[in-house]
Amino acid sequence: MLRSQTKLMDLGRRLCRSIGNNNGSNLTMVEVDDKTGIATLTLNKPPVNSCNLELLLDLNESIKQIERNGSRGLILTSSNDKVFSSGLDLNELHQPNQDRLIAFWRALQDMWLSLFLSRVPTAAAINGHAIAVGCVLATACEYRVMLPGFSIGIHATKFGYVVPPFILISYLSVLPRYIAERALLQGKLFSIDEALHVNLIDEVADGKSDAIIKCAKFIGSFAKTQPDARALTKRQTRAQDVQLLIKDPEGQLRESLEYINTPFFQQGLEVYLAKLKSKSKE
Ligand SMILES: CCCCC/C=C\CCCC/C=C/C(=O)SCCNC(=O)CCNC(=O)[C@H](O)C(C)(C)COP(=O)(O)OP(=O)(O)OC[C@H]1O[C@@H](n2cnc3c(N)ncnc32)[C@H](O)[C@@H]1OP(=O)(O)O
């Protein structure tokens, strides 16, 4: 093999370095680009990245790991080329074991706070459907780039789910109130054109690598800022949004658990899960 070829291969190998998140699971994967210092955090729970307890814990650990290792930014994406995330794993909410449900909802609240308040610049390369909490993951980031042909939004009310305050806030942090309110009440899923029109997403990409490049460019726009000043300013800007969850996480947890355990919620969920399963067998 020519020396120049070996050199090129070494360079390719050096460009992206996988870092673990200490728990050995592959539910999320983190790769840091050695050149830019930007970490790509990939959701990797087949078939549709539905967020169960393990994925939420893993995701939270990866976000913290990315901050600890001094990465310059975080790009959130999916290993599935059709689904960014299908939201909460509904099996976690259906006839739940109460201890697991408590751990699950705590993990959800913690993960959202970690991503929403992350010190580093964050961007989502949305390479598939981003449904409900899938959309919440994207809106917790500072910038969103999406591929055409997919849907994004929170359609909870269509299926009889009330939206908890932090999910509401994640919409309100990117959409004007009247648009957020209308979309939530309609249970609307946005097409890419609609999402772009209301600024639910910032840019359209023509493929996953294009989306990653666009996200990296956004993150690069902070190159001349001082990281601590940027992080603190972001925290201050978002302080009001997180007040409720930071001041009273257990109260928020209690309210959600009470609601999830109602016969009304459980019956509705049962019907929805059955529909979802029969659709996937068509
Ligand atoms: C005042 C206090 C209020 C507190 C309120 C507390 C709780 C209420 C919660 C409210 C907020 C809700 C947030 C959520 O995130 S709920 C989740 C909502 N997500 C969905 O409805 C997505 C449903 N899925 C789909 O629409 C599609 O799967 C798709 C994402 C478009 C992908 O389509 P496709 O590629 O065709 O895949 P399949 O449909 O064939 O799915 C493959 C298998 O995955 C299962 N699946 C899909 N999504 C979920 C899910 N979210 N949870 C669990 N399982 C899921 C699907 O059934 C298939 O399984 P199978 O192969 O075993 O049949």
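Residues numbered from 1 in each chain as written. Predicted model: local features only at pLDDT ≥ 70, side-chain atom pairs only at ≥ 80, totals over all residues.

- Under an unreviewed UniProt entry, the name given to the chain is Enoyl-CoA delta isomerase 1, mitochondrial, and the organism recorded is Drosophila grimshawi.
- Check the Subunit (unreviewed entry) section of the UniProt entry for the chain; it says "Homotrimer."
- In its Pathway (unreviewed entry) section, UniProt records this for the chain: "Lipid metabolism; fatty acid beta-oxidation." (UniProt positions renumbered as here; feature names shortened; annotations may be inferred.)

**With respect to helix α9 (residues 227–247)**
- Given a rise of 1.5 Å per residue, 21 residues ought to cover 30 Å, yet the end C-alpha atoms of α9 are separated by just 26 Å, more than 12% below that figure.
- If you look at α9, its biggest bend is around 65°, right at Q240. (Helix = DSSP H or I, 4+ residues; strand = E, 2+ residues; numbered from the N terminus. Expected span 1.5 Å × (residues − 1). Bend = angle between axes of the 7 residues up to and from the residue.)

**Digging into helix α4 (residues 133–140)**
- For α4, the buried fraction is high: eight of the eight residues fall into the buried class.
- If you check which residues of α4 are buried, you get V133, G134, C135, V136, L137, A138, T139 and A140. (Buried ≥ 20, exposed ≤ 12 C-beta atoms within 10 Å, placed from the backbone.)

**Some remarks on the environment of S170**
- Structurally, the position occupied by S170 is in helix α5 (residues 165–172).
- Accessibility expressed as a C-beta count within 10 Å gives 25 for S170, which makes it buried.
- Along the chain, S170 and A138 lie 32 residues apart, while their C-alpha atoms are 9.0 Å from each other.
- Setting aside chain neighbours within four positions, we find S170 in contact with V136, T139 and A140. (Contact = placed C-beta atoms within 7 Å.)

**Comments concerning the confidence of the model for the chain**
- Looking at the chain, pLDDT values average 92 and 91% of them are 70 or higher.
- Overall, residues 1–14 carries pLDDT values under 50, and its contacts beyond four positions in sequence, including any with other chains, amount to two contacts.
- Predicted complex, confidence summary: ipTM 0.97, pTM 0.94. (pLDDT = per-residue confidence, 0-100.)

**What to know about the nonpolar core**
- Grouped together as the largest cluster of nonpolar side chains are 72 residues, with contacts concentrated most on I75, A123, I126, V145, I152 and C215.
- Counting residues per element, this core draws most heavily on helix α3 (residues 98–116), at eight residues.
- Excluding its chain neighbours within four sequence positions, the residues that come into contact with A123 are I75, C141, E142, Y143, V145, C215, F218 and I219. (Core = buried A, V, L, I, M, F, W, Y, C linked by C-beta atoms within 7 Å.)

**Notes on the pairing of strand β4 (residues 73–78)**
- In terms of residue burial, β4 counts as a mostly covered element, since six of its six residues are buried.
- Residues G73, I75 and T77 of β4 are buried on one face, and the alternating residues L74, L76 and S78, pointing to the opposite face, are buried as well.
- The pairing of strand β3 (residues 38–43) with β4 spans six bridges and is parallel. Each bridged residue has a counterpart across the sheet, and for I38 the counterpart in β4 is G73.
- Read from β3 through helix α2 (residues 53–68) to β4, the crossover connection turns out right-handed.
- Across three bridges, the pairing between β4 and strand β6 (residues 122–126) is parallel. Counted as the bridge partner of L74 is T122 from β6. (Pairing = 2+ DSSP bridges. Right-handed = clockwise from strand over helix to strand, strands pointing away.)

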